[in-house]
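Structural description and commentary
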Amino acid sequence: MSDIGRDANAGGGATAHDGVSRRSVVKAGATAGAAAVAGAVTAPAVAAAHHGTAHHGRATRPADSLILHNGAIHTMDSRGTVARTVAIRDGRIVYVGGSEKAARRLFPEPPRSIDLHGRTVIPGIIDCHNHIVLMGNRPGRHTPLENAYSVADVARTYAARARSVPPGEFITTIGGFHFNQFAERRLPTLSELDEAVPRHPAYISVGFSGPSVTNSLGKAFFEQAAEPVTVGADGAIAAGLETGKATLALRRTLTFEQRKRGVRDAMAYAASVGVTTHLDQGAFQATGTPADGAAHEDNYTMHLPFLAVYADGEASIRLRINFLHMDTDPALPGLTERLRNAFPFFGDDLVRTGGIGEFIAAGLGPTWLEAARRVAAAGWRAEVHSLTTTDFQTEIEGFEAVHAQTPITGLRWVVAHVPFITREYVDRLHALGGGVNLTGWRYLTGTATSAGPPFRMIVDSGIHAGMSSDGMQIAPMNPFIHAYYAVTGRNALGEVINAGQQITREEVLALYTRRNAWFLGGPDEDQLGTIEVGKLGDLVVLNRDYFTIGVADLRQVRSVLTVLGGKVVHSLKG
Ligand SMILES: [Zn+2]
């Protein structure tokens, strides 16, 4: 595959537009020196990679070489540089400029060079708060429905999926979408699913705990489960206990190999929507009962199938792992052992541990405050989430109390989601060196009174801010859906619910790339988020020009080519 211009749909040509005209286009000559410097920078990392193990967390696999030329390469650097050519050598960017010839001179034997035919390129997107580890551990052949806009789209998506799944195996969708996004505002029915996938049992479940729906083959399975599920004649399974029983019945069938397959599928989906780095924020600890919802898993084993896929050399994304702790015991046994026995920022450039989050303890009382004290004393990063009109106050006041004893400036403490946060508390968190992690999850089910976050106020405040999906239960992973919400303030029903808080698409992309590097912390702050010499070679070639298409089309942006460390990990041509 050397030419991606021919098969794709609209938006291929590079045209002058507002986004580009304000930016400088790098001249080839200006970057030759920088490229030479980068060669020196990358050499130790390459040597480490060749010894087969991660040295000081700086090794990178994959570490391939590639040149992309004739593109509109939005580097997202602090100067807004747009270049025509980028070269990656052994996993790292060695050239950003205008001349393919100059790029080729940096290689003794030039690698594959791809003509982009003017396509838009952006850095690999960083999702600094999601739950891809849950997605990888889903039972059945989990099939994202976040890009379906009608029941007919669901049927098409399922029929397409069925072509690569042996008959009799479950095709599932657990979370990540809502029927508000379908024109019919309802789930498909049993007969519609029978028609779409007549030879496969199907199970579609909304949010954390339903409602859900199945088809005839699925109905037979669920009704014969150890804890039989009540399924309506139309395939409907009620939210709560019945959905819990159905999800549990499926989880009981999961093997380790199936989890690994789910991991590869989740990674492949992520690459298809351009998300190359994921900061996972854990799960609610599974109980193995029908009380478990879509967000429950075993926090102590759920990473293992991911680590196995990394060990196999089959990973197509970077994973960063936060450890979620919800101790109710004031002695904080779980958190205490984690801080004693684990390492923050341990791993390599593909998979690495992070901090504690998105919970540090249950509740927001004295036990939570003690947890915050211990995380600070251990020098770890912490992330908590805010969903109500008052919890952010308790959290930020708690951070201030901890800070008075153990300074947290520099530890990258974060409050996520923040739908109702006020400027006063943003400024107080800013003063502590903290950050807020913004999500467009209100898109699916938000209303005028359950909207936010106040994107505009936060971006204007100057606090460290980043963008994330909080997928895969109550929100989609696809960053372009979140971009649509942040730019328009419109929910899935098309109603403007976040009026006055919209930000521009350029601001959204900066949050999702350059500004998200801060949230990754550790060595990632200097090596991800922009297309610059010396950084890891992660970038995404888009099917449309993100910067000029109509806002309604933002949700249709996809990757036609995703590159991770110089290796093509997603291509529409395969
Ligand atoms: Zn979350």
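1. Concerning the pattern of salt bridges
- For the structure on display, the rule yields 29 salt bridges.
- Here Arg 374 ties to Glu 370 by a salt bridge, and the two come within 3.0 Å at their closest N and O atoms. With Arg 374 and Glu 370 both in helix α12 (residues 366-378), this residue pair falls four residues apart, about one helical turn.
- Using a relative accessible area of 27% as the deciding quantity, one classes Arg 374 as partly exposed.
- The partner of Arg 456 in a salt bridge is Asp 460, with the nearest N and O atoms 2.9 Å apart. One end of the pair, Arg 456, and the other, Asp 460, are both in helix α16 (residues 455-461), four residues apart, so they sit about a helical turn from each other.
- Take Arg 456: its relative accessible area is 21%, and that puts it in the partly exposed class.

2. Topic: the packing of helix α17 (residues 479-488) against helix α18 (residues 505-512)
- Relative orientation of the contacting elements α17 and α18 amounts to 135 degrees, with a least axis distance of 9 Å. Viewed along their axes, α17 and α18 adopt a mutual orientation that is oblique. Two packed elements cross with a definite hand, and for α17 against α18 that hand is right-handed. Two secondary-structure elements touch here, α17 through Pro 479, His 482, Ala 483, Ala 486 and Val 487 and α18 through Arg 505, Val 508 and Tyr 512.
- The residue makeup of the contact of α17 with α18, split by class, is six nonpolar, one polar and one charged.

3. Quick notes on the coordination of the zinc ion
- Around the zinc ion, the protein contributes the donor atoms His 129 (NE2), His 131 (NE2), Glu 358 (OE) and Asp 470 (OD), which lie 2.0 to 2.2 Å from the metal centre.
- Classification of the site at the zinc ion rests on its four donor atoms, whose angles at the metal span 86 to 168 degrees, yielding the label irregular.
- Sequence spacing of the donor residues for the zinc ion, all on one chain, is H-x1-H-x226-E-x111-D. Of this pair, His 129 sits in strand β8 (residues 125-130) while Asp 470 sits in the loop between β22 (464-468) and α17, and the two are 341 residues apart along the sequence.
- Among the residues examined, His 129 registers a relative accessible area of 0% and is labelled buried.
- With a relative accessible area of 6%, Asp 470 lands in the buried category.

4. Some remarks on the confidence of the model for the chain
- Within the chain, residue pLDDT values average 91, and 89% of them lie at 70 or more.
- This model gives residues 1-60 a pLDDT under 50, and the stretch forms 109 contacts once residues within four places in sequence are excluded.

5. What about the packing of aromatic side chains?
- If you walk through the whole model with that rule in mind, you get 17 aromatic pairs.
- Between Phe 177 and Phe 182, the ring centres sit 5.9 Å apart and the planes meet at 20 degrees, which makes this aromatic pair stacked.
- Note on Phe 182: relative accessible area 0%, which makes it buried.
- The structure contains a cluster of three or more aromatic residues connected by ring pairs, namely Phe 170, Tyr 203, Phe 221 and Phe 222.
- Its guanidinium or amino end placed over the ring of Tyr 484, Arg 555 lies 3.9 Å from that ring's centre, counting from NZ or CZ.

Procedures and definitions
- Residues numbered from 1 in each chain as written.
- Predicted model: local features only at pLDDT ≥ 70, side-chain atom pairs only at ≥ 80, totals over all residues.
- Heavy atoms only, no water.
- Salt bridge = Lys/Arg side-chain N within 4 Å of Asp/Glu carboxyl O.
- Helix = DSSP H or I, 4+ residues; strand = E, 2+ residues; numbered from the N terminus.
- Buried < 20%, exposed > 50% of the residue type's maximum accessible area, 1.4 Å probe, protein only.
- Axes fitted to C-alpha atoms, helices over the stretch in contact; angles between N-to-C directions.
- Parallel < 35°, antiparallel > 145°, perpendicular 65-115°, else oblique.
- Left-handed = near helix turned anticlockwise from the far one by under 90°.
- Contact = heavy atoms within 4.5 Å.
- Nonpolar A, V, L, I, M, F, W, Y, C, P; charged D, E, K, R; others polar.
- Donors = N, O, S within 2.8 Å, 3.2 Å for Na, K, Ca; no water.
- Tetrahedral: all angles 85-135°; square planar, octahedral: opposite > 155°, others 65-115°.
- pLDDT = per-residue confidence, 0-100.
- Phe/Tyr/Trp six-rings, centres within 6.5 Å; stacked < 30°, edge-to-face > 60°.
- Lys NZ or Arg CZ within 6 Å of the ring centre and 35° of its normal.

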